[in-house]
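Below are the chains, spelled out letter by letter.
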Amino acid sequence: MTLETSARKLIDAIAHEKGLILALTGAGVSVASGIPTFRGSDPGAIWTRDVREMATIQYFRRNPVSAWQWYRARFASTDEARPNSAHTALAALERWHIDRGGRFLLVTQNIDSLHEQAGSIHLAKVHGSANRARCSREECSRSSTRSVAIADLDLATFDGNPRLETIPRCAGCGGLMRPHVLFFDEEYIGHTDYQWPKVTAACDGMRLVVAVGTSLSVGVTDFVQMSAGRRGVPLFIVEPGSLVGATIPDAVHVRGKAEEVLPMVMTALQRV
Ligand code: NAD
C-alpha cells in the first residue's frame, strides 16, 4: 500500500471515530528532535548489549555508580531537546478530538518530556521520566509513589566525581536515588506515575489505536495489540521501517516518518 493510500485510510478512520482514540508512541517520534532510538535504523540507535544489561534494576543494584553514569551519558541531553512537528500534531489531534466530544489518551514509551512540552494533556508515561529520580529502596514508602525533579538533586557533583558517596540520597530514608524510569527487568505496576491502571482501562474502551514511532517490541505495545486484537479495534502504525513487533495481521502500516505524516494527517482532519 502506498503512503498516500495508507495515510488516507488513517485520516478517514480518525474522522469517523467519535469514541476513545488511543495514541501509542515510541522513540521514533523524538528522532527529529535529536534523540536517537535504541532499536531504530537512525544513525544514533544503539541496540547493543549495554542497553539490555545496563538498563536493568539488577545492574543498578550491583553497580549504581556505573548505572547512573551510563544513564547520564545517554539521557542528560534530552533536557535540551524541543518538540518537533510530530509531538505538536499529536497534541493538536487530542484537542481536535476532544473539542468534538471524543476521548483521547496518549500512551508513550518515551521518557523525554516532549509530549508535555508540546501540550499533550491526557498522557500516560508508562516508562517513566528522564528528568526525575526516586528512591531505589523497595522498603521505602516513597519508592513506588513519589519522585523528585532531577533539577532539584545535586547530580553535578556526581557527574564531576562519580562515586557511591556522590549519588544523591532519598530525603526520607537515606537510600540511593535511582532514575525514575522503567528498567527492562521491571513491571508497569512498579510506580503509580506509570499510570498502568489508566492504560488497561483505556484498552477496554478504545475504538481506534494509532501507534507512532514504535517497533511494537515492549510490554505495553504487546498489551495494547493484544487488547486491540481481542476486541477487533483497528490499528494504524506510522513508522518508516519494517514492523518487527506487529502481531495484528490487518494492521495498516503508514510507512513514513512521524514528523512528516502526522502534520499532513492533522491538516487534512482540520479541513473535515
Ligand atoms: P521503539 O520500539 O520505540 O523503536 C523505535 C521505532 O521508531 C523503530 O521502529 C524505528 O524504525 C522508528 N523510527 C525511527 N525514526 C522514526 C521517525 N522519524 N518517525 C517514526 N518512527 C521512526 O523503541 P526503542 O528505540 O527500542 O527504545 C526502547 C525503549 O527505550 C523505549 O520504549 C523507551 O522507553 C526508551 N527510549 C526512549 C527514548 C525517548 O524518550 N525519546 C529514546 C530511546 C529509547
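Residues numbered from 1 in each chain as written. Predicted model: local features only at pLDDT ≥ 70, side-chain atom pairs only at ≥ 80, totals over all residues. Heavy atoms only, no water.

1. Concerning helix α9 (residues 219-231)
To keep it simple, the criterion reads: Helix and strand definitions here come from DSSP, where helices need a minimum of 4 consecutive H or I residues and strands a minimum of 2 consecutive E residues; each element is numbered from the N-terminal end. What a helix should span is 1.5 Å times the count of its residues minus one. Partly exposed residues are those whose accessible area sits between 20% and 50% of the maximum for their type, while under 20% is buried and over 50% is exposed, using a 1.4 Å probe and protein chains only. The arc refers to the directions leading from the helix axis to the C-beta atoms.
In a regular helix each residue adds 1.5 Å, so 13 residues correspond to 18 Å; α9 covers 18 Å between its end C-alpha atoms and thus fits that length. Here α9 has its buried residues at V220, T221, V224, Q225, S227 and A228. Along the long axis of α9, the arc covered by the buried residues comes to 160 degrees, so they all point the same way. G232 sits one or two positions beyond α9 and adopts a positive phi of about 65 degrees.

2. Quick word on the packing of helix α1 (residues 3-15) against helix α10 (residues 258-271)
Any two packed helices are characterised by how steeply their axes cross, that is the angle between the axes, and by the distance between the axes. Put simply, the test is: Interaxial angles span 0 to 180 degrees and are taken between N-to-C directions of axes, which are lines fitted to C-alpha atoms, for helices over the stretch in contact. Here the angle decides the label: under 35 degrees means roughly parallel, over 145 means roughly antiparallel, 65 to 115 means roughly perpendicular, and every other value means oblique. Handedness of a crossing is defined here by the sense of rotation of the near helix relative to the far one, left-handed for an anticlockwise turn of less than a right angle and right-handed for a clockwise turn. We call two residues in contact when some of their heavy atoms are within 4.5 Å.
Contact geometry of α1 with α10 gives a least axis separation of 10 Å together with a crossing angle of 50 degrees. Here α1 is positioned oblique relative to α10, judged by the angle of their axes. As α1 packs across α10, the resulting crossing turns out to be right-handed. Across from L3, A7, L10, I11, I14 and A15 in α1, the residues of α10 making contact are V261, M264, V265, A268 and L269.

3. Focus: the domain arrangement of the protein chain
Rule in force here: What fixes the domain bounds is an automatic or database domain assignment. Here's the idea: put two parts together, see how much 1.4 Å probe accessible area each one loses, and the total over both is what we call buried area. Whenever a carboxyl oxygen of Asp or Glu lies within 4 Å of a side-chain nitrogen of Lys or Arg, that contact is scored as a salt bridge. In protein, a polar contact requires one atom able to donate a hydrogen and another able to accept it; more generally it is a pair of N or O atoms within 3.5 Å, and residues adjacent in sequence count only if both atoms are side-chain atoms. Only Asp, Glu, Lys and Arg are considered charged in this grouping, and only Ala, Val, Leu, Ile, Met, Phe, Trp, Tyr, Cys and Pro are considered nonpolar; every other residue, Gly among them, is considered polar.
Domain annotation for the protein chain reports domain 1 (1-35 + 82-127 + 188-272) and domain 2 (36-80 + 131-181). Centre-to-centre, using C-alpha coordinates, domain 1 lies 27 Å away from domain 2. With 18 residues of domain 1 at the interface, the matching set in domain 2 holds 20 residues. When the buried area of domain 1 at its contact with domain 2 is split by residue, I35, I111 and H191 rank highest and sum to 37% of it. At the surface where domain 1 touches domain 2, the tally comes to zero salt bridges. Viewed at the interface, domain 2 and domain 1 are joined by seven residue pairs in polar contact (both at pLDDT 80 or more). Partitioned by chemical class, the residues of the side of domain 1 that touches domain 2 number six nonpolar, nine polar and three charged.

4. Concerning the packing of aromatic side chains
What counts is decided by this rule: Ring geometry is summarised as follows: Phe, Tyr and Trp rings, the Trp one being its six-membered ring, pair when their centres sit within 6.5 Å, and such pairs are stacked at plane angles under 30 degrees, edge-to-face over 60 and tilted between the two.
Overall, the coordinates contain four aromatic pairs when judged by the stated rule. On the numbers, 5.9 Å between centres and 85 degrees between planes, the contact of W68 with Y71 is edge-to-face. With W68 and Y71 both in helix α4 (residues 64-75) and three residues apart, this pair spans about one turn of that helix. The exposure class assigned to W68 is buried, which follows from its relative accessible area of 1%.

5. Let's talk about the pairing of strand β6 (residues 177-181)
Successive side chains on a regular strand alternate, one facing one side of the sheet and the next facing the other. Let me state the cut-off plainly: For two strands to be treated as a pair, DSSP must find at least two bridges joining them.
Within β6, five of the five residues are buried, leaving the element largely enclosed by the surrounding structure. Pairing of strand β4 (residues 128-135) with β6 involves four bridges; the strand directions are antiparallel. The partner of A133 across the bridge, within β6, is P179.

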